[in-house]
Amino acid sequence: QVQLVESGGGLVQPGGSLRLSCAASGSFFRVFAMSWYRQAPGKERELVASILREGSTTYGDSVKGRFTISRDNAKNTVNLQMNSLKPEDTAVYYCNARISLILYSQPRDYWGQGTQVTVSS
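Residues numbered from 1 in each chain as written. Predicted model: local features only at pLDDT ≥ 70, side-chain atom pairs only at ≥ 80, totals over all residues. Heavy atoms only, no water.

**Examining the pattern of salt bridges**
Then, number 1: According to the stated counting rule, one finds five salt bridges in the structure shown.
Then, number 2: Across the pair Arg38 and Glu46 runs a salt bridge whose closest N-O atoms are separated by 2.6 Å.
Then, number 3: For Arg38, a relative accessible area of 6% corresponds to the buried category.
Then, number 4: Classification of Glu46 as partly exposed rests on a relative accessible area of 35%.
Then, number 5: Asp89 is the salt-bridge partner of Arg66, the closest N and O atoms lying 2.7 Å from each other. Remark: Asp89 occurs in the loop between strand S8 (77-82) and strand S9 (91-100) and Arg66 occurs in the loop between strand S6 (57-59) and strand S7 (67-72); sequence separation between them is 23 residues.
Then, number 6: For Arg66, a relative accessible area of 11% puts it in the buried group.
Then, number 7: Here Asp89 falls in the buried class, since its relative accessible area comes to 1%.
Then, number 8: One connected set of salt bridges, linked through shared partners, spans Arg38, Glu46, Arg66 and Asp89. (Salt bridge = Lys/Arg side-chain N within 4 Å of Asp/Glu carboxyl O. Buried < 20%, exposed > 50% of the residue type's maximum accessible area, 1.4 Å probe, protein only. Helix = DSSP H or I, 4+ residues; strand = E, 2+ residues; numbered from the N terminus.)

**Here's the deal with the nonpolar core**
Then, number 1: By size, the foremost hydrophobic cluster in this structure holds 30 residues, and its most contacted members are Trp36, Leu80, Met82, Tyr93 and Ile99.
Then, number 2: If you list the elements that add at least two residues to this core, you get strand S3 (18-25), strand S4 (30-39), strand S5 (46-51), S7, S8, S9 and strand S11 (115-119).
Then, number 3: Ranked by residues supplied to this core, first place goes to S9 with five residues.
Then, number 4: Apart from residues lying up to four places away in sequence, Met82 is in contact with Gly16, Ser17, Leu18, Leu20, Arg66, Phe67, Tyr93 and Val117. (Core = buried A, V, L, I, M, F, W, Y, C linked by side-chain atoms within 4.5 Å. Contact = heavy atoms within 4.5 Å.)

Structure, rendered in structure tokens:
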């Protein structure tokens, strides 16, 4: 059974920084893309950042230049460094990973339970 466990959320003042981490555990063959999504109250879930296995990254327009995504393939972890945080970054942040369970199997999406990030003075 595959699990994604997130950590690092919390309350921070505007302009501050937080670092989110997510670790994939369980029995699987390979982790492909790893991503962070977020969902604010009353809004749809949106992509924050994504990183492919080889390191290519994609960022949502609202976080470009402020957030940095990174991963460790050996540990099956992904991190999100969030700087210059704004109140509009307040949301529940979800870790997502595309994982294939066995060789040649079609990868599927797995989600973490979510971690709350609140930016407020």
